[in-house]
Every structure is written in structure tokens, then in C-alpha cells.
Amino acid sequence: MNILRKNVLIGLIILVLGGCSQSEKRDYPIQPIQFTNVHLNDDFWAPRMETNRQVTIPYVFKKCKETGRIDNFAVAGGIKQGEQRGSYPFDDTDVYKNIEGASYSLMVHADPELDKYLDELIGLIAAAQEDDGYLYTARTNKSDRLKNWFGDERWVKINGSHELYNAGHLYEAAVAHFQATGKRNLLDIAVKNANLVNSVFGPGKLQSPPGHQVIEMGLVKLYRVTGDENYLNLAKFFLYVRGKPLDERRLGGTYNQDHKPVIEQDEAVGHAVRAAYMYAGMADVAALTGDKSYINAIDNIWKNVVGSKLYLTGGIGAAGSGEGFSRNYELPNMSAYNETCASIGNVYWNHRMFLLHGDARYIDVMERTLYNALIDGISLDGTLFFYPNPLESIGQHERSPWFRCACCTGNVTRFISSVPGYIYAVKDDNLYVNLYAGGEGRVNTGENVVKIQQETRYPWDGAIKITIEPESEKEKFTLLLRIPGWVRNEPVPGDLYRYMDTNNESVTIKLNDEPVRLDISKGFARIHRTWKGGDVVDLNLPMPVRRVIAIDSVEADRGKVALQRGPIVFCAEWPDNKDGHVRNLLLLDEAPLQTEFKADMLNGVQIITGKAFGFKVAKDRRTLEKTEQDFTAIPYYAWAHRGRGEMAVWLAREESAVDPLKMPTIASTSRVSVSYGENPQAVNDQLEPKSSDDHGIPYYHWWPHKGTTEWIQYSLQNAEEISTVEVYWFDDAGTGECRIPKSWRILYREGRNWNPVYTEGKYGVEKDMFNKVVFETVRTRAVRLEIQSRENYAGGILEWRVK
């Protein structure tokens with residue numbers, strides 16, 4: 001690029017970014033009420049927040065200490081001898097996120113011991129920061145083991161190093177800590193780092209976006225608390241350069257939304273967490289700069305998500321390989337990824353969309369995610385976590401006490417602490433009630449202050465009593481009560497899901513015991529009046545059990561039905577149903593369903609009961625037998641607390657969709673072990689693949705190991721004579737990085753040795769079929785596949801049969 005052309009381009013970028021310098025202050029037209037002004041005392045959220053404060057936050061700090069995440073800062077600062085620990089250079093963020101969650105907790109609950117502990121941690125972080133502000137322990141600690149992530153020099157592998165991702169979470173933690181304590185110790189570290197980043201990136205400097213978005217939101221928060229417009233300009237710059245090959249940069253592709261300029265994107269693609277964080281960051285920048293091109297883009301992307309890529313539970317990101325969005329309407333249940341971090345990102349994004357547009361449909365999506373996919377990510381006792389959140393299981397899923405990549409754990413702690421901040425919002429003299437939860441809030445409506453109190457058993461009961469107490473004797477404002485889509489016969493905006501029936505029970509509102517005519521606009525019932533102390537609004541949202549079906553384009557849900565009551569999505573789980581099976585059930589449309597609250601079950605839950613039919617393959621292996629049986633469903637978020645077993649959100653309502661119990665085989669009764677990978681149990685679940693790219697059933701894969709030799713093994717229950725193996729390869733070309741293998745072979749164990757079988761047949765590597773190998777009969781107790789991946793690709797298996 002010649003000098004003149006480059007200077008012109010730099011000038012254009014500065015002109016575009018110059019909109020961030022404003023003579024008048026811009027922001028979201030609707031402002032949320034900070035969670036510090038809202039105090040909950042209900043039976044649903046208040047106990048969760050207390051568990052988060054007393055159990056989860058200390059637990060995550062403990063695990064960060066045990067796994068070396070905290071010591072990495074001490075080593076980098078010369079306080080402790082040692083080497084970098086952990087598997088990833090972004091492990092630093094697990095500490096940052098938990099500091100953020102702990103800071104939010106301090107804002108509402110004084111804790112001198114926690115305050116002191118945070119200061120000690122911040123001291124380690126300060127010591128780890130290099131003189132010019134650079135903060136990234138893996139490089140400072142000269143970790144050769146992790147060097148492939150970040151390269152020989154700073155910023156040279158910004159697409160994958162997570163240097164800016166780490167910085168973004170640092171900024172968010174610093175702002176939270178400053179707001180909680182008034183101390184600048186962490187904020188000064190963040191500012192020093194941000195000033196360094198600003199000196200390196202920008203027009204005429206390094207023009208590359210971060211590989212993993214989040215710094216955009218962090219910079220906006222830093223701008224809000226410091227008033228330094230450089231940070232807002234930098235946030236917009238990182239959005240501006242994404243998808244643009246400036247300075248002949250090679251684009252990162254759809255995986256990190258770097259395939260085309262963000263304002264031209266209209267479909268959710270790639271890694272779901274990165275995407276959701278970016279969409280939230282775009283909303284922030286749009287609100288603060290007035291740049292409507294960002295709003296137009298995220299409006300279109302939002303329509304794509306809610307119309308074709310949103311799970312009934314509110315989760316996003318269907319594909320495990322790449323942790324991201326799949327094709328439109330490709331929403332498999334058992335292999336659904338739905339990362340917990342993506343659900344948190346989805347809440348961030350939808351809340352910001354509401355603040356921009358004032359439409360309840362965004363809160364409808366947010367609430368669906370909040371009560372289902374998101375809180376499914378943490379156990380009721382606060383010490384176990386889900387990374388993916390599937391909608392169906394054959395027993396291969398359970399929450400974990402920790403992960404090598406532990407991003408979801410700290411994300412949960414910081415989010416749960418801030419839940420009250422999503423309940424209320426204001427615009428001039430309009431007071432929005434977005435969510436329903438027992439507690440009290442203090443809200444500024446214009447120049448006035450109003451105390452608002454909710455009394456309710458929501459989400460188990462739709463009766464909500466709201467008491468208004470203005471500080472002055474009489475105040476005139478509009479109270480806007482969200483009438484959820486689920487009570488207006490709309491599970492989600494659009495036609496992706498619909499109820500099978502129409503709920504004819506009416507929403508009712510009373511003001512001081514007098515009925516109020518419903519005046520609904522954008523999903524909110526409006527009551528405009530002069531309010532006085534002690535005014536009471538009684539809102540009743542009917543909560544019958546509803547049957548939900550998906551649009552026919554969602555192949556995974558054809559012939560199936562899901563159950564919902566209020567905002568809660570239900571599932572059938574093994575402990576509550578006959579013989580521990582639920583995937584073989586048929587729930588007829590006309591089957592009556594009842595509901596009741598069980599205070600002694602799973603910390604108190606509503607359950608749904610009725611009758612269903614259980615199916616199994618008869619002994620002749622050709623016909624089916626069915627038996628009527630009792631049926632029970634529990635809230636989806638509460639599954640996997642009573643051991644491993646079957647679970648299903650979507651249940652068959654047509655016989656063609658039933659998955660009957662099958663007769664056992666050599667493979668299905670074998671124990672599976674692998675060299676590396678996810679979901680090895682998928683290979684002997686007896687589920688028939690429809691193609692090599694079938695995401696509708698579980699699959700085993702060894703991503704991100706690429707070009708490696710891997711093995712998978714069956715340990716048989718008894719010594720068996722075997723002579724045939726059939727393998728159905730997984731290949732997600734077009735959406736992921738798994739391909740059919742370069743080659744493979746079969747080994748059997750004889751004594752302590754592994755010997756290759758003898759065959760004159762071909763080891764097939766064909767897609768969309770079982771690759772069958774017949775070999776000379778061997779008698780063994782273990783058989784193994786040894787697989788050589790293609791260069792630069794991982795691989796996987798959908799099903800492996802042995803005869």
C-alpha cells in the first residue's frame with residue numbers, strides 16, 4: 001500500500017470514529033436501575049444470590065488458587081518462584097471475573113474479610129503488570145508450553161492470543177471493584193493497561209481486532225467511569241476493523257465474526273460467546289455514539305437468532321465443534337452445546353436491545369434464557385457447573401466441579417450477583433417493570449424518587465402485588481408492566497415455536513382493588529396516573545401448563561412436544577419415570593396434565609404429572625411393545641442433581657418420533673475409553689445417524705486436536721468372538737473443523753499386547769454411511785480403533801458397531 005493511499009485510509013477511519021467525540025451526552029434512551037437499588041427477598045432469586053455470595057464466589061477463588069491461576073500473577077510479579085500453570089493463556093480472566101462477582105456482592109453486602117482478600121489479589125495483579133501496563137501472565141512468565149498461543153512478540157497472534165480478551169475482563173472487574181469500594185487500586189491497573197492498548201491499536205497503528213470479543217464492553221465501562229473518550233473511540237475502532245483486510249490483514253473468518261464488516265452482518269455465525277459479546281458491545285457503542293448502522297446490524301442478527309437459532313430454553317450456539325451457531329433451524333437436542341457463557345452473553349445482548357428499543361420482546365427472550373439455559377449452568381448448591389447445556393441426555397452429562405477451560409464458573413458468579421439490575425428501568429417519567437421477583441427497589445422517575453415493592457411467588461405463581469410509595473406526596477408517572485409473551489400465546493417472538501392451544505385465561509390488573517382496562521403497547525401494560533403512597537397494583541398472569549411445538553423446519557423437534565408453565569421450560573428426567581427411561585415416552589396431545597408445587601424436591605419446584613406410553617423393542621427385535629405409565633416433568637434447570645441418566649425436553653407426541661428401548665449389543669454394553677476427546681459414550685448409544693454431519697444425536701470428537709493419531713477403545717463385558725466392525729464417521733465440513741480421517745485400523749487386545757486384526761478388506765473413510773470392515777475372527781475382551789487425522793483437522797465418530 002503506497003503512503004498516499006494509506007494516509008487517506010487513516011483519515012477516513014479517523015473521520016468514521018470521530019463520531020465518538022460528542023458535544024452532547026448520548027446514552028441508552030432507557031436506563032436500567034442499578035442492582036444496588038434493588039433488594040430481593042423472594043424464594044427463588046434471593047437464596048441463589050446468597051448461595052453465590054457464601055458458597056460459589058469463595059469456591060471459585062479456592063479453585064483458582066488450587067489450579068495455579070492466582071499463583072501465575074505472583075510468579076509474574078517476582079513474588080513467588082515457579083512456572084506458569086494451567087492450560088490456557090486466558091486463565092487470568094477466571095480471576096478477573098470472580099473479582100467482578102465478588103465486587104458486586106460487596107456492593108449489597110458488606111464483608112471486610114472479602115474486601116481485604118480482594119486487595120491482596122489486586123496486589124498480586126499489580127506486581128504482575130509490566131512497567132508499560134502490559135498484563136498477560138503467560139508471556140511475562142515466559143511459558144514456552146503456551147507460546148503457540150501468543151508468539152514471539154506482543155500482539156503478533158492477536159487473533160488467538162486472548163491478550164485483549166484478558167484486558168476486557170480486567171476492565172470490567174476494575175470498574176466493578178471501584179464502584180463497590182471507591183478504591184482505585186485495580187482501576188489504576190486497568191487504566192494503565194488501556195492506555196497501552198490505545199497506544200498500540202488504532203488508525204495508523206496496529207489495525208487488527210481481537211480474536212475473542214469482550215474488550216469492547218470493557219472499554220465502554222472504563223469510559224463511563226473515567227470519562228476518557230479514548231476508550232470509547234477504541235471500542236468503536238475494534239468493531240470498525242473487524243471483517244476488514246486493513247494493511248493486508250488476513251481475515252479470521254466466521255468463527256470470530258471476522259468474515260465481513262460488522263455493520264454488514266445479518267446472520268449469527270461462529271463462536272456463540274464471541275458473537276453475543278460483540279453484539280452487546282455494538283449496542284453499547286451505538287447508544288453512546290448514535291451510530292445507527294450498528295443498531296441496524298444487530299436488529300437483523302437478532303431476528304435471525306430468534307427466528308431460527310434460539311433453543312426453547314433460551315440457549316444459543318448449537319454446535320459443539322467450534323462452540324457456536326450452526327445452520328438456520330439446526331437445533332439438535334442431545335448434542336446441543338448452549339454454552340453457559342453464551343447464555344450470559346444472550347442476556348447481556350437482549351437487555352441492551354430493550355434499552356435501545358423499549359420493546360418487551362427482548363425481555364421475553366432474556367427471561368427465557370435466564371430461567372432456563374442460564375441457571376442450568378450451576379448446581380443448586382453452587383459448587384458444580386455445566387459448560388454445555390443440552391436438551392436431551394442418555395446419561396453422558398453431569399455437572400463438573402471445575403474445567404480446564406473454566407470460563408463459565410466466574411461468569412456465573414459475576415452474573416448471579418447482578419440479577420436485580422435487570423428488573424427495573426426508567427425513561428423520563430416511565431417506570432418499566434421487566435421482571436417479577438419479590439423485593440423492593442428505589443427508582444428515580446424524572447426528578448422524583450419512588451419506592452416500589454413486589455410480593456409474589458413468581459415464577460411458580462403469576463399473582464404479583466406491587467406497592468408504590470413515592471417520596472413526595474403525589475407523583476405523576478407511567479408504570480409499565482411487562483405482559484410476557486408466554487401469557488400472550490407467544491413463546492418467542494416470531495414463528496420458531498408456537499403453543500398447540502390458545503390460552504383463553506385473561507391477564508387482569510387491579511389498582512387499589514378496582515379493575516384496570518389493559519392498555520398494552522410494545523408488550524407493556526401502561527398505567528399513567530398521579531400516584532400516592534400505598535397505591536397497590538395487583539397483576540395476575542395466568543400460568544396453565546402449555547404444550548409447545550417447533551416450526552417444521554426444525555428437524556430435531558418434528559413430531560415432538562415440549563412443556564412450559566410461565567417462564568419455566570420442563571423436562572422429563574430418569575428418577576421420576578418408570579425404569580429410569582424418558583426418551584422412549586409418547587405423550588399424547590389429549591393426555592390430561594396436572595401441576596403441583598413440591599417444596600421438598602430440588603429446593604422447591606413445580607412439577608407436571610400425567611400419563612404417557614413407554615415403548616420398547618420386543619424380543620423378536622422387529623415389533624414394538626407399549627405400556628401406559630405415570631409421567632412426571634421437572635423444571636429443566638433442576639435436572640442432573642440426582643445422578644446420571646436420561647433426560648428430555650422434547651417428547652414424542654407421534655409414534656414416528658418415539659425412540660424405543662433397544663435390545664443390548666456387544667458395543668452398547670462395553671465401556672468406552674479414548675486417548676482424548678468429548679462425548680466418547682456417544683459411539684455406542686445405538687442411535688442411527690442420518691448423515692456424517694448429523695448434529696441431532698451425540699457424537700464423539702477430538703477437536704481441537706488436529707492432525708494427531710487418536711484411539712478409542714471398547715472394553716467388553718466378557719470375552720467375545722468378533723469379526724466385524726462398522727464405523728460411522730463424523731464430518732462437519734462447512735461449520736466446524738472435524739473431517740473424515742486420513743486412515744485407521746482395528747486392534748484387539750491379546751494378553752497385554754495390542755495386535756492388528758487380519759483383513760483383506762478396505763478401511764473405509766466414506767461419509768454418510770457405515771464403513772464396514774470384516775476380518776478374521778478374534779476372541780478378545782477389548783477392541784480399539786487407531787485413527788490418523790487429516791492434517792490441520794480433527795475428527796469424530798457418530799456410531800461404532802461390533803459384531
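Residues numbered from 1 in each chain as written. Predicted model: local features only at pLDDT ≥ 70, side-chain atom pairs only at ≥ 80, totals over all residues. Heavy atoms only, no water.

(A) Representation of the pairing of strand E11 (residues 508-511). The alternating pattern of E11 places Ile509 and Leu511 on a buried face, while none of Thr508 and Lys510, on the opposite face, is buried. Where E11 and strand E15 (residues 535-540) come together, four bridges link them in antiparallel fashion. The partner of Lys510 across the bridge, within E15, is Asp538. Relative to strand E12 (residues 514-515), E11 is paired through two bridges, and the arrangement is antiparallel. Looking across to E12, one finds that Lys510 is bridged to Pro515. Counting the residues between successive antiparallel strands, the hairpin from E11 to E12 contains two residues, one of them, Asn512, with a positive phi of roughly 50°. (Buried < 20%, exposed > 50% of the residue type's maximum accessible area, 1.4 Å probe, protein only. Helix = DSSP H or I, 4+ residues; strand = E, 2+ residues; numbered from the N terminus. Pairing = 2+ DSSP bridges.)

(B) Layout of the packing of aromatic side chains. Within this structure, the stated rule accounts for 41 aromatic pairs. Seen in terms of ring centroids, Phe73 and Tyr96 are 5.8 Å apart; in terms of plane orientation they differ by 55°. Their pairing is tilted. Within this pair, whereas Phe73 is found in helix H3 (residues 69-76), its partner Tyr96 is found in helix H4 (residues 92-108), the two being separated by 23 residues in sequence. Here Phe73 falls in the buried class, since its relative accessible area comes to 1%. When the ring of Trp744 is compared with that of Tyr763, the centres are 4.8 Å apart and the planes differ by 80°; the resulting orientation is edge-to-face. (Phe/Tyr/Trp six-rings, centres within 6.5 Å; stacked < 30°, edge-to-face > 60°.)

(C) Summary view of the sheet that holds strand E2 (residues 38-40). The strand order E2-E6-E7-E8-E15-E11-E12 describes an open sheet built from seven strands, whose pairing is antiparallel. Of all the strands in the sheet, the pair left with one neighbour each is E2 and E12.

(D) Seen up close, the pattern of salt bridges. Counted according to the given criterion, the structure contains 55 salt bridges. In this structure, the salt-bridge partner of Asp258 is Arg249, at a minimum N-O distance of 2.6 Å. By relative accessible area, which is 0% here, Asp258 ends up buried. Note that Glu573 is salt-bridged to Arg642, the shortest N-O span being 2.9 Å. Taken as a pair, Glu573 in strand E18 (residues 568-573) and Arg642 in the loop between strand E22 (624-635) and strand E23 (646-648) lie far apart in primary sequence, 69 residues in all. Residue Glu573 is classed as buried on the basis of its relative accessible area, which comes to 1%. The exposure class assigned to Arg642 is partly exposed, which follows from its relative accessible area of 27%. If you follow the salt bridges from partner to partner, you end up with Glu100, Glu172, Lys221 and Arg414 in one network. (Salt bridge = Lys/Arg side-chain N within 4 Å of Asp/Glu carboxyl O.)

The values are spatial; any link to function lies outside them.
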